[in-house]
Amino acid sequence: MEQGLNLKLDWITEGMNFLWPEAYLFLGVLLMLLLGVMRIKNNSVIIQALIAIAIFSASLICQISQGILPSDAKLFGGMLRYDAFGIYLKILFDVGGILTVLLSISEKSIQSKLTEYYALIITIVFGAHMLVMSENFVMVALSLELISIPSYILAAFSFTKKSMEGSLKYFL
């Protein structure tokens, strides 16, 4: 019994070494939500954008530095896969996240809810990271939900009647 538990704990510790970029994204979502709750008066648009870019950059740098690790590893008992093509796609998603943040800085309709917007974008990129690594059907389904639910919310993010209708149609 104890030997089986030790084996599972070994799977977890070995798998966590490969998941640092995803850990940065997860902590980034929590940080952006915390910034949104605090509502500091000097919490400007540029500072929020720089924090979001720093989160994506930390994930990107970690991803590039992990490129030298041995590839084709199975993590968590075969639920996730770590390979060179997955690293490439995750780097592409991080760059896409940075570009999304840069393009959304000047958008006036999201200025009041910027931390929530960035938290949703980071969550989508986190889901894309997990989808690329997924090898088990359960992980594929969870990853797709991590991508789709924030996408539904972002479709209605301007909070107009037209955007709410579009989000509902997107959901259905």
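As the structure is a prediction and not an experimental result, all values here were calculated from the model.

### Structural notes on the packing of helix 2 (residues 20-38) against helix 5 (residues 114-133)
Angle between the axes and distance between the axes are the two parameters that describe a pair of packed helices.
Part 1: In the contact formed by helix 2 and helix 5, the axes pass within 9 Å of each other and the chain directions differ by 165°. Compared by their axis directions, helix 2 and helix 5 come out roughly antiparallel. Crossing hand, helix 2 versus helix 5: left-handed. Across the interface between the two elements, Pro21, Glu22, Leu25, Phe26, Gly28, Val29, Met32, Leu33, Leu35 and Gly36 of helix 2 pack against Thr115, Tyr118, Ala119, Ile122, Thr123, Val125, Phe126, His129, Met130 and Met133 of helix 5.

### Considering the packing of helix 2 against helix 3 (residues 45-65)
Part 1: The interhelical angle for the contact between helix 2 and helix 3, taken along N-to-C directions, is 170°, at an axis separation of 8 Å. For the element pair helix 2 / helix 3, the angle class is roughly antiparallel. Between helix 2 and helix 3, the residues in contact are Trp20, Pro21, Glu22, Tyr24, Leu25, Gly28, Leu31, Met32 and Leu35 and Gln48, Ile51, Ile55, Phe56, Ala58, Ser59, Cys62 and Gln63, respectively.
Part 2: Looking at the contact of helix 2 with helix 3 residue by residue, the classes come out as 12 nonpolar, four polar and one charged.

Reading the values: the criteria
Residues numbered from 1 in each chain as written. Predicted model: local features only at pLDDT ≥ 70, side-chain atom pairs only at ≥ 80, totals over all residues. Heavy atoms only, no water. Axes fitted to C-alpha atoms, helices over the stretch in contact; angles between N-to-C directions. Helix = DSSP H or I, 4+ residues; strand = E, 2+ residues; numbered from the N terminus. Parallel < 35°, antiparallel > 145°, perpendicular 65-115°, else oblique. Left-handed = near helix turned anticlockwise from the far one by under 90°. Contact = heavy atoms within 4.5 Å. Nonpolar A, V, L, I, M, F, W, Y, C, P; charged D, E, K, R; others polar.

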